[in-house]
Amino acid sequence: MAEQHSSKSIMWVTIIVATVLIAIVYALTVNKGSSNANTSSAADEADIRIQPVAKFELAKAEAPAASGPRDGATIYNTVCGACHNTGAAGAPKIDDKAAWASRLASGKDALIKSVTNGKGAMPAKGGATLSDAEIKSVVEYVMGKAK
Ligand code: HEC
């Protein structure tokens, strides 16, 4: 009888503990959900959704803010690589020597002009704010990589 009693108690304790745990988990889940909806999380969620685009924008926005001219490699990696590493927008890929041969042949000044003013699907200055000196160094960097 005593054994039966204690196994019944254990059953009830187990049920109560399980109920409390479920209640806690439920409460946490609901709180999370409502705080997401109530606070500024709507904006946060939007931020998260546009993150890849925002990062690209960030790279562009940082261009003029940097102190002093940045070197060609830095500019290439933050601005130009988005298209020229992948061939996005039909850009000649940096390692596609055949695609660059005729462009390189037109000479550094012509390429600087293309980058400054934009060409085809390439926006002026690759869409960033770059000084003349920075354009020159990034074009020299590209020419070195592409030949
Ligand atoms: C939005 C994509 C994009 C970005 C960003 C971009 N390019 Fe381009 N780039 C292109 C495309 C597309 C072409 C081919 C244009 C054409 O010939 O119609 C091109 C062509 C070029 C050329 C050859 C121009 C010529 O006269 O043949 C150079 C040099 C060049 N890019 C350098 C750069 C540099 C340096 C940057 C960074 C400052 C950069 N690009 C950023 C898309 C891009």
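Parameters and conventions
Residues numbered from 1 in each chain as written. Predicted model: local features only at pLDDT ≥ 70, side-chain atom pairs only at ≥ 80, totals over all residues. Heavy atoms only, no water. Near = heavy atom within 4 Å. Polar contact = N/O pair within 3.5 Å; in protein donor to acceptor, adjacent residues only side chain to side chain. Helix = DSSP H or I, 4+ residues; strand = E, 2+ residues; numbered from the N terminus. Donors = N, O, S within 2.8 Å, 3.2 Å for Na, K, Ca; no water. Tetrahedral: all angles 85-135°; square planar, octahedral: opposite > 155°, others 65-115°. Buried < 20%, exposed > 50% of the residue type's maximum accessible area, 1.4 Å probe, protein only.

What am I meant to see in the site of the ligand here?
Neighbouring the ligand are 22 residues; Cys80, Cys83, His84, Ser114 and Met122 lie closest to it. Within the side chain of Ser114, one N or O atom sits 2.5 Å away from an oxygen atom of the ligand. Counting residues per element, the ones that place at least two in the shell around the ligand are α4 (72-84), α5 (97-105), α6 (108-117) and α7 (132-146). Per-element accounting of the shell around the ligand gives the leading share, 4 residues, to α4.

How should I be thinking about the coordination of the iron atom of the ligand in this particular structure?
For a metal with four tetrahedral donors the ideal donor-metal-donor angle is 109.5 degrees, while six octahedral donors give ideal angles of 90 or 180 degrees. The coordination sphere of the iron atom of the ligand, as far as protein atoms go, consists of His84 (NE2) and Met122 (SD), spread over 2.0 to 2.1 Å. Metal-centred angles of 84 to 179° between the 6 donor atoms at the iron atom of the ligand mark the site as octahedral. Of this pair, His84 sits in helix α4 while Met122 sits in the loop between α6 and α7, and the two are 38 residues apart along the sequence. By relative accessible area, which is 24% here, Met122 ends up partly exposed.

How should I be thinking about unusual backbone geometry in this particular structure?
As a rule of thumb, non-glycine residues mostly have phi less than zero, and peptide bonds are mostly trans rather than cis. For Ala89, which is not glycine, the phi torsion reads 65° and is therefore positive. Secondary-structure assignment places Ala89 in the loop between α4 and α5. Residue Ala89 is classed as exposed on the basis of its relative accessible area, which comes to 57%. The backbone of Lys125 shows a phi angle near 55°, a positive value even though the residue is not glycine. With respect to the secondary-structure elements, Lys125 resides in the loop between α6 and α7.

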